[in-house]
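Next come the chains, spelled out residue by residue.
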Amino acid sequence: MGILDRFRSGKKNQPDPVSDLTLAKLEPGYLVDFDLKTWEVTARNTYDWGEGDLSHEWRLVSGDDAVFLELESDDEEDWSLNRKIPFNRLEAGLKEHILEKGDPPRELTLEGRTFYLEEMAGGHFLKDGQRPGQPLLSWSYEDDEGETYLTLEQWGEEDFEAFLGRPVEEYQFTNILPREG
């Protein structure tokens, strides 16, 4: 056995950790380039909407900026990038409306843009994919062009969050690498 064979023999059947990396395979600690920044994956979570309907979410951080990359798979993969916004940026009295009626209005206005209710869902948030998960309600809105999303989430009785997002394509994310240890 030659000297090169000795080095090769130990690595023969081990998978290459950087081949075949895709956006859907991101894990905490991975790095990915998007929109002229390098982002670190700090969390990978799952939403279980029931009957096998799952969506996946990655928290990406670059400096003091944080976004949420989401993958929903129906007939095809739909990617979106969402940013948490203060709930009080939304229409006055929205929280009270939801608490009184059980649902938000079918239309919401944010900074002069009208959003229309597309979907309501109840499910469980699985932090790091761990069950049983935390129950939540979610309302998804879109603007007229379908280019901007507004999502409302209700956690428990009176805890609300809001996210503003947009569709993205997998090819917009490049240089996926696991963080070197």
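Throughout what follows, the structure given in this document is the object of discussion.

The rules behind the values
Residues numbered from 1 in each chain as written. Predicted model: local features only at pLDDT ≥ 70, side-chain atom pairs only at ≥ 80, totals over all residues. Heavy atoms only, no water. Patch = residues over 30% accessible without salt bridge, like charges linked within 9 Å, V, L, I, M, F, W, Y side chains within 5 Å. Areas by Shrake-Rupley, 256 points an atom, 1.4 Å probe, with all protein chains shown as cover. Salt bridge = Lys/Arg side-chain N within 4 Å of Asp/Glu carboxyl O. Lys, Arg positive; Asp, Glu negative; His and termini not counted. Charge placed at Lys NZ, Arg CZ, Asp CG, Glu CD. Helix = DSSP H or I, 4+ residues; strand = E, 2+ residues; numbered from the N terminus. Buried < 20%, exposed > 50% of the residue type's maximum accessible area, 1.4 Å probe, protein only. Contact = heavy atoms within 4.5 Å. Polar contact = N/O pair within 3.5 Å; in protein donor to acceptor, adjacent residues only side chain to side chain. Pairing = 2+ DSSP bridges. Phe/Tyr/Trp six-rings, centres within 6.5 Å; stacked < 30°, edge-to-face > 60°. Core = buried A, V, L, I, M, F, W, Y, C linked by side-chain atoms within 4.5 Å.

## Considerations on a negative patch on the surface
Line of reasoning, step 1. The grouping of Glu51, Asp53, Glu72, Asp74, Asp75, Glu76, Glu77, Asp78, Glu118, Glu119, Glu169 and Glu170 at the surface amounts to a negative patch.
Line of reasoning, step 2. Of all the secondary-structure elements, those providing two or more residues to the negative patch are β5 (77–85) and β7 (113–126).
Line of reasoning, step 3. Here Glu119 shows up in strand β7.
Line of reasoning, step 4. A relative accessible area of 44% means that Glu119 is categorised as partly exposed.

## Some words on the environment of Glu153
Line of reasoning, step 1. Its location among the elements puts Glu153 in strand β9 (residues 149–155).
Line of reasoning, step 2. You can call Glu153 buried: its relative accessible area is 7%.
Line of reasoning, step 3. Put simply, Glu153 and Phe163 are 10 residues apart on the chain and 8.5 Å apart in space, counted from C-alpha to C-alpha.
Line of reasoning, step 4. Sequence-distant contacts of Glu153, defined by excluding residues within four places in its chain, comprise Tyr47, Leu136, Leu137, Ser138, Asp159, Phe160, Glu161 and Phe163.
Line of reasoning, step 5. One polar contact links Glu153 to Trp155, side chain to side chain, over a distance of 3.3 Å.

## A look at the side chain of Asp48
Line of reasoning, step 1. Following the sequence through the fold, Asp48 ends up in strand β2 (residues 37–48).
Line of reasoning, step 2. A distance of 2.9 Å separates a polar atom in the side chain of Asp48 from a polar atom in the side chain of Arg131.
Line of reasoning, step 3. Among residues more than four places away in sequence, those in contact with Asp48 are Asp53, Leu54, Gly123, His124, Leu126 and Arg131.

## Considerations on the pattern of salt bridges
Line of reasoning, step 1. Taken as a whole, this structure holds seven salt bridges when the rule is applied.
Line of reasoning, step 2. Linking Lys37 and Asp65 is a salt bridge whose minimum nitrogen-to-oxygen distance equals 3.0 Å. Here Lys37, found in strand β2, pairs with Asp65, found in strand β4 (residues 65–73); they are 28 residues apart in sequence, far enough to count as distant.
Line of reasoning, step 3. Residue Asp143 is joined to Arg113 by a salt bridge in which the shortest nitrogen-to-oxygen separation is 3.9 Å.

## Description of unusual backbone geometry
Line of reasoning, step 1. Note that the residue after Arg131, namely Pro132, is joined by a cis bond; omega there is 15°.
Line of reasoning, step 2. Secondary-structure assignment places Pro132 in the loop between β7 and β8 (134–142).
Line of reasoning, step 3. Here Asp35, not a glycine, exhibits a phi torsion of approximately 55°, which is positive.
Line of reasoning, step 4. Relative to the elements of secondary structure, Asp35 occurs in the loop between β1 (31–34) and β2.
Line of reasoning, step 5. At Glu111, a position not held by glycine, the phi torsion is positive, near 50°.
Line of reasoning, step 6. By the secondary structure assignment, Glu111 is in the loop between β6 (107–110) and β7.

## Notes on the pairing of β4
Line of reasoning, step 1. For strand β3 (residues 54–62) and β4, the ladder comprises eight bridges, and the chain directions are antiparallel. Note on β4: the bridge partner recorded for Trp58 is Leu69.
Line of reasoning, step 2. Between β3 and the antiparallel strand that follows it, β4, lie two residues; Gly63 among them carries a positive phi value of about 65°.
Line of reasoning, step 3. Taking the residues that link successive antiparallel strands as the turn, the β4-β5 hairpin has three residues.

## Some remarks on the packing of aromatic side chains
Line of reasoning, step 1. As enumerated under the stated definition, the model contains seven aromatic pairs in all.
Line of reasoning, step 2. Through successive ring pairs, a cluster of aromatic residues spans Tyr47, Trp49, Phe125 and Trp155.

## Some words on the nonpolar core
Line of reasoning, step 1. Core analysis: the largest hydrophobic core is formed by 17 residues, its most contacted members being Leu23, Leu26, Trp58, Leu60, Leu69 and Phe173.
Line of reasoning, step 2. Those elements that provide at least two residues to this core are β1, β2, β3, β4 and β5.
Line of reasoning, step 3. Ile85, Leu108, Tyr141 and Phe160 belong to the second largest nonpolar core, which has 15 residues in total.

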